[in-house]
Amino acid sequence: MIQFDKKILDLIQECILVWDKEGNKRISNDKVYPLFGLAEESIQNCHDITQKWRFFDIHGKELPLDDLPIYKAMKTNSSAKDITLKMVNNEVTKWITTSAIPVFDETGGIEAIISTTLDISSLKSQEFKYKKIANHDPLKKLPNRLLLSDRLEFAISHANRNKTRIALWKID
């Protein structure tokens, strides 16, 4: 099995979890437990995290377990890198970027899976704030022409795909 020095892993800013091929935790750094809101002893396998949190893609679609990077890496023997997800439980919503990379033994079988996760909640909060500023009048908080243009482009492409029409009514 891969050997890691926990002291070195604790210096890394990302959450690092090393899983065996069955999804059991082998080693982790100290950034994992605050992010997932779980005590060290309560994370023994992947399911301990997925039982507490629900995961959504950037479009808001809830992901089944098989679509989460760690499970994809286990099933497909391929990496899932830099996936942005929203984690939600009853009290908290967090945004993360995560990767899962399989490590192969000398026979080509999976020996372990290394997952890295970074909390990007503050970055997402800033992104939402800037989008709101860009798309709404600062004084009246009403949608502006940039947002109208974006929605109109979306409506036109939707109508083209579905072979339907749209109407636009302009009142000056």
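Before any of the text, the structure's been laid out above.
Presented here is a report on the structure given in the accompanying data block.

Analysis parameters
- Residues numbered from 1 in each chain as written.
- Predicted model: local features only at pLDDT ≥ 70, side-chain atom pairs only at ≥ 80, totals over all residues.
- Heavy atoms only, no water.
- Disulfide = S-S within 2.5 Å.
- Buried < 20%, exposed > 50% of the residue type's maximum accessible area, 1.4 Å probe, protein only.
- Salt bridge = Lys/Arg side-chain N within 4 Å of Asp/Glu carboxyl O.
- Helix = DSSP H or I, 4+ residues; strand = E, 2+ residues; numbered from the N terminus.
- Pairing = 2+ DSSP bridges.
- Phe/Tyr/Trp six-rings, centres within 6.5 Å; stacked < 30°, edge-to-face > 60°.
- Lys NZ or Arg CZ within 6 Å of the ring centre and 35° of its normal.
- Axes fitted to C-alpha atoms, helices over the stretch in contact; angles between N-to-C directions.
- Contact = heavy atoms within 4.5 Å.

Remarks on the state of the cysteines
Such a bond, covalent and formed between the sulfur atoms of two cysteines, is termed a disulfide. Tallied over the full model, the rule gives zero disulfides. Of all cysteine sulfurs in the structure, the one in Cys 46 sits closest to Cys 15, which takes part in no disulfide; the separation is 14 Å. Judged by relative accessible area, Cys 15 falls into the buried class, the value being 6%.

Considering the pattern of salt bridges
Counted by the stated rule, this structure contains six salt bridges. Across the pair Asp 30 and Lys 31 runs a salt bridge whose closest N-O atoms are separated by 3.1 Å. Residues Glu 127 and Lys 131 are paired through a salt bridge, measuring 3.3 Å at the closest nitrogen-oxygen approach. Of the two residues, Glu 127 and Lys 131 are both situated in helix H5 (residues 121-135); the distance of four residues between them amounts to about one turn of the helix. Lys 131 sits in the partly exposed class, given a relative accessible area of 46%. Taken together, the salt bridges that share partners define one network made up of Lys 124, Glu 127 and Lys 131.

As for the pairing of strand E1 (residues 15-19)
Burial runs high along E1: five of the five residues are buried. With burial as the criterion, each face of E1 is covered, one bearing Cys 15, Leu 17 and Trp 19 and the other bearing Ile 16 and Val 18. When E1 meets strand E6 (residues 110-119), the two strands line up antiparallel, connected through five bridges. Considered in E6, the bridge of Ile 16 is made with Thr 116.

What about the packing of aromatic side chains?
Counting across every chain of the model gives one aromatic pair. It is Lys 86 that lies over the ring of Phe 56; its NZ or CZ is 5.6 Å from the centre. Here Lys 124 stacks its cationic end above the ring of Trp 95, 4.8 Å away from the centre of that ring.

Considering the pairing of E6
In terms of strand pairing, strand E5 (residues 93-104) meets E6 through nine bridges, oriented antiparallel. Paired with Thr 97 across the two strands is Leu 118, which belongs to E6. Hairpin connection between E5 and E6: a loop of five residues separates the two successive antiparallel strands, and Gly 108 in this loop has a positive phi of roughly 95°.

Some points on the sheet that holds strand E3 (residues 54-56)
Taken together, six strands build an open sheet; the order of strands is E2-E1-E6-E5-E4-E3 and the sheet is antiparallel. Edge positions in the sheet fall to strand E2 (25-28) and E3, since each of these pairs with one other strand and no more. Averaged over neighbouring strand pairs, the angle between their axes works out to 30° when direction is ignored. Contacts from helix H4 (residues 69-76) reach E1, strand E4 (80-88), E5 and E6 within the one sheet, and its direction differs from that of E6 by about 160°. Contacts from H5 reach E4, E5 and E6 within the one sheet, and its direction differs from that of E5 by about 130°.

What about unusual backbone geometry?
Across the chain, the bulk of peptide bonds are trans and the bulk of non-glycine residues have phi less than zero. Look at Asp 82: it is not a glycine, yet its phi comes out positive at around 50°. Tracing the backbone shows Asp 82 in strand E4. At Lys 163, a residue that is not glycine, the phi angle is positive and equals roughly 55°. Within the secondary structure, Lys 163 is located in the segment after helix H6 (145-162). Judged by relative accessible area, which is 75%, Lys 163 ranks as exposed.

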